[in-house]
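Reading the structure
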Amino acid sequence: MQQIFNFVIKNKTFLLFLLLLGIALSLTIQSHSYHRSKFINSANGLTGGVYSLSNSFDQYFDLKDENKLLSEENKRLREQLLNSSQNLDSSYIDTKYSETKYRVTIANVYKNSYSLTNNILTINKGKNDSIKQDFGVITSKGIVGIIDNTSNNYATVLSILSKTSRINAKLKSTRHIGSLKWNTDNPEFVQLEDVSKFAPVKVGDTIETGGESSIFPQGIGIGTIASFEIDITGDTYNIEVKLFNDMTNIGTVYILENLDSSEIKALQDSSNE
Amino acid sequence: MNNVTVSNTVRFILLLLVQVMLCNNINFLGYINPYIYIIFIFLFPIRENRALFLLLSFMLGLLVDMFSDSGGVHAAASVVLAYARPILLKTSFGMLYEHHSIKFSTTEIGSLITYVTFGTLLHHLVLFSLEIFNISSILLILQKTLFSSIFTIILSILIIILFSRNKK
């Protein structure tokens, strides 16, 4: 017993080193799985406070770009409204079927990263704004990512620029589906895999969200096809997609909550059993 | 003694804030960032308790991790650097370290550069190995280590010379 104590006292620095290294490594390994560390993330009061301070200065420099983005979006929406052939007479609207399916929340990006292998954004909306895990995040141009951790006032977003993210996507013209991944090389391009080789793939075609998951609605833009090749197995295409969003410059985002998601999830769970 | 505590606390907080608010957003050529918070580990007083030193380095790394959502990679790299510091000191300063008489404000510039270079390379190698976490991307790890190290070494040496050599 005496010898054990002596050993511990003699090697206390080394043992402390091993302990701390062990904690750090376990946090690292945890962070490489899909749902990240619950304790060490930037959605807490301290980091959120610091980022909100620096963001309050930063915002002023981006006002011009933000204004341009907003007016472009306004133009697009107004075009849609004027060109829609639907009859907007209120007497035809049957309230029972026109319930809103998605609730939209606006948030500011406090921290953005795009040079790591798993990129995370921090935004200034959290539990107090009813933001929960697995809500979708988009900008006026296209998708950004999925909500990961939330605190009272802040949330982290798992960016599509992440090794662990898998998003269901399809070709706009034909509805052939695939899954969207990122090979960590370039923040402007993501990869769409497992697209059937019967799909008519053309450079320049639009890729959008597939609507198979309950996170994103169908038809949110992702990007255009930059190049493509047949997979080694010969059955599927691997497509290089150029993103609509400039992921290195994101100011304001929209958070989408699918109000039917619990119903869809319950249905899927019951049919899996 | 009190003076040392105050100056190290200030250094800890300042380096952390500069790291997360400025240096993490540089992204020179797309991915090169300097990690200057390790200056705290380089300049920590040599005669202080080693256990305290390891704990503080771990805390600093963990806080940087918290701000940059990187799990525990900075914490691990900082702890490794802090643990390996006596060996680095011995190789770079030789006899001075044996006599416990190193003052970073008066040492030779050459020894200081050796010390910072080896320390930074070790820290960045651990950091990027854990961040990429894939042995098949070993070239990417080495490439990131090399470029970020050059950036960090230049900045660290400039900062050390600017801020801690003025008491000559």
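Residues numbered from 1 in each chain as written. Chains lettered and ligands numbered in written order. Predicted model: local features only at pLDDT ≥ 70, side-chain atom pairs only at ≥ 80, totals over all residues.

1. Describing the overall build of chain A
Helices and strands together make up the secondary structure of chain A, namely five helices and 12 strands. Seen through its C-alpha atoms, chain A measures out along the principal axes to roughly 90 × 50 × 45 Å. A separation threshold of at least 6 residues defines the contact pool for chain A, and within that pool the share at least 24 residues apart is 59%. (Helix = DSSP H or I, 4+ residues; strand = E, 2+ residues; numbered from the N terminus. Contact = placed C-beta atoms within 7 Å.)

2. Regarding the environment of V80 of chain B
By secondary structure assignment, the location of V80 of chain B is in helix α4 (residues 73-93). C-alpha of V80 of chain B to C-alpha of L122 of chain B: the two residues are 42 residues apart in sequence and 8.2 Å apart in space. Setting aside chain neighbours within four positions, we find V80 of chain B in contact with L21 of chain A together with L122 and V126 of chain B.

3. What to know about the sheet that holds strand β5 (residues 155-162) of chain A
Residues and elements named next belong to chain A. Reading around the circumference, β1-β2-β5-β4-β3-β12 is the order of the six strands in this closed barrel, with antiparallel pairing throughout. Pairs of neighbouring strands in the sheet enclose a mean axial angle of 45°, with direction left out of account. Sheet strands touched by helix α3 (residues 45-58): β1 (102-111) and β2 (118-123). Its angle to β1, the strand with the most contacts, is close to 80°. (Pairing = 2+ DSSP bridges. Axes fitted to C-alpha atoms, helices over the stretch in contact; angles between N-to-C directions.)

4. A closer look at the domain arrangement of chain A
Residue and element names in this part refer to chain A. Segmenting chain A into domains produces domain 1 (47-79 + 99-163 + 249-259) and domain 2 (167-243). Computed over C-alpha atoms only, the centres of domain 1 and domain 2 are separated by 23 Å. In this complex, domain 1 contributes 16 residues to the contact, which on the side of domain 2 involves 16 residues. Looking at the side of domain 1 that touches domain 2, the element that brings in the most residues is β5, giving three residues. When the residues that make up the side of domain 1 that touches domain 2 are grouped by side-chain class, the tally is eight nonpolar, five polar and three charged. (Domains from an automatic or database assignment. Nonpolar A, V, L, I, M, F, W, Y, C, P; charged D, E, K, R; others polar.)

5. Side note on the interface of chain A and chain B
Tallying the contact residues gives 26 residues for chain A and 27 residues for chain B. Where the side of chain A that touches chain B is concerned, the elements lending two or more residues are α2 (12-31) and α3 of chain A. No other element matches the 13 residues that α2 of chain A contributes to the side of chain A that touches chain B. Looking at side-chain class alone, the side of chain A that touches chain B contains 11 nonpolar, 14 polar and one charged residues.

6. What to know about the nonpolar core
In this structure, I123, V144, V157 and V253 of chain A are the most contacted members of the largest nonpolar core, which totals 46 residues. The dominant element in this core, judged by the number of residues it contributes, is β5 of chain A, at five residues. Both domains that furnish three or more residues to this core are identified here as domain 1 (47-79 + 99-163 + 249-259) and domain 2 (167-243) of chain A. Residue contacts for V253 of chain A: discarding those within four places in its chain leaves A107, V109, I123, V137, I138, T139 and V144 of chain A. Among the nonpolar cores identified, the runner-up in size contains 44 residues, and F40, F44, L62 and V116 of chain B belong to it. (Core = buried A, V, L, I, M, F, W, Y, C linked by C-beta atoms within 7 Å. Buried ≥ 20, exposed ≤ 12 C-beta atoms within 10 Å, placed from the backbone.)

7. A word on the sheet that holds strand β11 (residues 236-243) of chain A
Residues and elements named next belong to chain A. Reading around the circumference, β6-β7-β8-β11-β10-β9 is the order of the six strands in this closed barrel, with antiparallel pairing throughout. Going from strand to strand, the sheet's axes swing by 40° on average, the running direction of each strand aside. Sheet topology places strand β9 (residues 206-209) next to strand β10 (residues 221-230); three bridges connect them, and they run antiparallel. Across the sheet, the residue bridging to E208 is G221, located in β10.

8. A word on the environment of V73 of chain B
Residues and elements named next belong to chain B. Structurally, V73 can be placed in helix α4. A residue is classified by how many C-beta atoms lie within 10 Å of it, and V73, with 26 of them, is buried. Here the alpha-carbon distance between V73 and S111, two residues 38 residues apart in the chain, equals 28 Å.

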